[in-house]
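# Chain and residue survey
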Amino acid sequence: MTMKADISEPRHRGGWKIAAAIGAATLLLAAMALDTKVVVLGSEEDLREQAFSPERYGTETFPSVRDSIRDRAVPAAELAEAVLADRTAAAETYGVGSGTGAVIPVRLAGTMGEAKSGIYTVEVPDMPDEITVRVQTGPAINGTELRDATGDIEFGQFKNQIEYQNAGAALNDAMKAEVLGDIDTAALSGREVEITGAFRLINPKNWLITPVEMAVK
């Protein structure tokens, strides 16, 4: 008697395993598709996906910072009266932020005095004698007044503290290129200037202004 092997059952089991594997793979691909975000090249979301570029950030952001400071700038003599009368009230009325000092926008016209390490004193008419006004012109522009002046740039917008610090430095660099690039900042003593800028109100009697606009006569 001839015996025939029944191979239909193993084949059935093998087919079931293949179908199960295909089904699992299909489910995995579907889950991946649902979790995948499509970003259009060149879009705002695409730019966020790219590595942070301080230079690009400074160039793109400085114009809005400049405009905000210019639009809110307080005449220096008026501001001087306010800060000497009540520093806290002046900061709340004119400034942005607190902590180490509110950043206040200011505008003035005056005469540049002597410079020390790129920082000039400025003689401003109608200013109280007890207030010293200074403006930094570089080559090094220090501080984060431009970054902090609007209240719109916050730490949470950046990946980490380094990017946040780089954003402040980038705005200083962009300002230096746009505002100070065509000015001989080494020869300003005795020159009449018009300045719009911002300073951090730490000492009411000592202002160090970072300019966003400067006209030299």
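Check the entry above for the structure.
For the rest of this paragraph, the subject is the nonpolar core. Membership of the largest hydrophobic core comes to 47 residues, with the highest contact counts inside it found for Val133, Trp207 and Met214. Among the elements that line this core, the one with the most residues is helix α7 (residues 161–180), at seven residues. What Trp207 contacts, discounting residues up to four positions off in sequence, is Ala76, Leu79, Ala80, Val83, Val106, Met127, Ile131, Thr132, Val133, Arg134 and Phe199.

Right, let's talk about the packing of helix α4 (residues 76–85) against helix α5 (residues 87–94) for a bit. Relative to each other, α4 and α5 sit at 135°, their axes nearing to 5 Å. Classified by the angle between their axes, α4 and α5 sit oblique to one another. Where α4 approaches α5, its residues Glu78, Leu79, Ala82, Val83 and Ala85 are matched on the opposing element by Arg87, Ala90 and Tyr94. Among the residues forming the contact of α4 with α5, the class breakdown is six nonpolar, no polar and two charged.

With that settled, consider the pattern of salt bridges. With the rule as written, the count across this model stands at eight salt bridges. One network of salt bridges, with partners in common, ties together Arg66, Asp67, Arg70, Glu178 and Glu213.

Mapped onto the elements of the fold, Ile209 is located in strand β6 (residues 206–216). Through-space distance from the C-alpha of Ile209 to that of Ile119 is 9.3 Å; in sequence the pair is 90 residues apart.

So, about the environment of Tyr164. With respect to the secondary-structure elements, Tyr164 resides in helix α7. Taking the C-alpha atoms as reference points, Tyr164 and Ile153, separated by eleven residues in sequence, lie 9.1 Å from one another. Discounting residues that sit within four places of it in the chain, Tyr164 has contacts with Arg147, Asp148, Ile153, Glu154, Phe155 and Phe158.

Both strand β4 (residues 132–136) and β6 contribute to a ladder of four bridges, which runs parallel. Considered in β6, the bridge of Val135 is made with Ile209. Relative to β6, strand β5 (residues 192–200) runs antiparallel, the two sharing six bridges. Bridge pairing in β6 links Thr196 to Glu213. Linkage of β5 to β6, two consecutive antiparallel strands, is achieved through a turn of five residues.

Of the pairings in the sheet, the one linking strand β3 (residues 119–123) to β4 comprises three bridges and is antiparallel in character. Bridge assignment links Thr121 to a residue of β4, and that residue is Arg134.

A word on unusual backbone geometry. With an omega of 15°, the peptide bond between Gly138 and Pro139 qualifies as cis. Here Pro139 lies in the loop between β4 and α6 (145–148). Despite not being glycine, Ser117 has its phi angle at roughly 55°, a positive value. Inspection of the secondary structure assignment puts Ser117 in the loop between β2 (103–116) and β3. Non-glycine residue Asp126 carries a positive phi angle of around 70°. Among the structural elements, Asp126 can be located in the loop between β3 and β4. Relative accessible area serves as the criterion here: at 69%, Asp126 is assigned to the exposed category.

For the rest of this paragraph, the subject is the side chain of Thr150. Residue placement: Thr150 occurs in the loop between α6 and α7. Among the residues examined, Thr150 registers a relative accessible area of 15% and is labelled buried. In this structure the side chain of Thr150 is engaged in a polar contact, spanning 3.1 Å, whose partner is the backbone nitrogen of Asp152. Sequence-distant contacts of Thr150, defined by excluding residues within four places in its chain, comprise Val65, Ser68, Arg72 and Val96.

Conventions we followed
- Residues numbered from 1 in each chain as written.
- Predicted model: local features only at pLDDT ≥ 70, side-chain atom pairs only at ≥ 80, totals over all residues.
- Heavy atoms only, no water.
- Core = buried A, V, L, I, M, F, W, Y, C linked by side-chain atoms within 4.5 Å.
- Buried < 20%, exposed > 50% of the residue type's maximum accessible area, 1.4 Å probe, protein only.
- Helix = DSSP H or I, 4+ residues; strand = E, 2+ residues; numbered from the N terminus.
- Contact = heavy atoms within 4.5 Å.
- Axes fitted to C-alpha atoms, helices over the stretch in contact; angles between N-to-C directions.
- Parallel < 35°, antiparallel > 145°, perpendicular 65-115°, else oblique.
- Nonpolar A, V, L, I, M, F, W, Y, C, P; charged D, E, K, R; others polar.
- Salt bridge = Lys/Arg side-chain N within 4 Å of Asp/Glu carboxyl O.
- Pairing = 2+ DSSP bridges.
- Polar contact = N/O pair within 3.5 Å; in protein donor to acceptor, adjacent residues only side chain to side chain.

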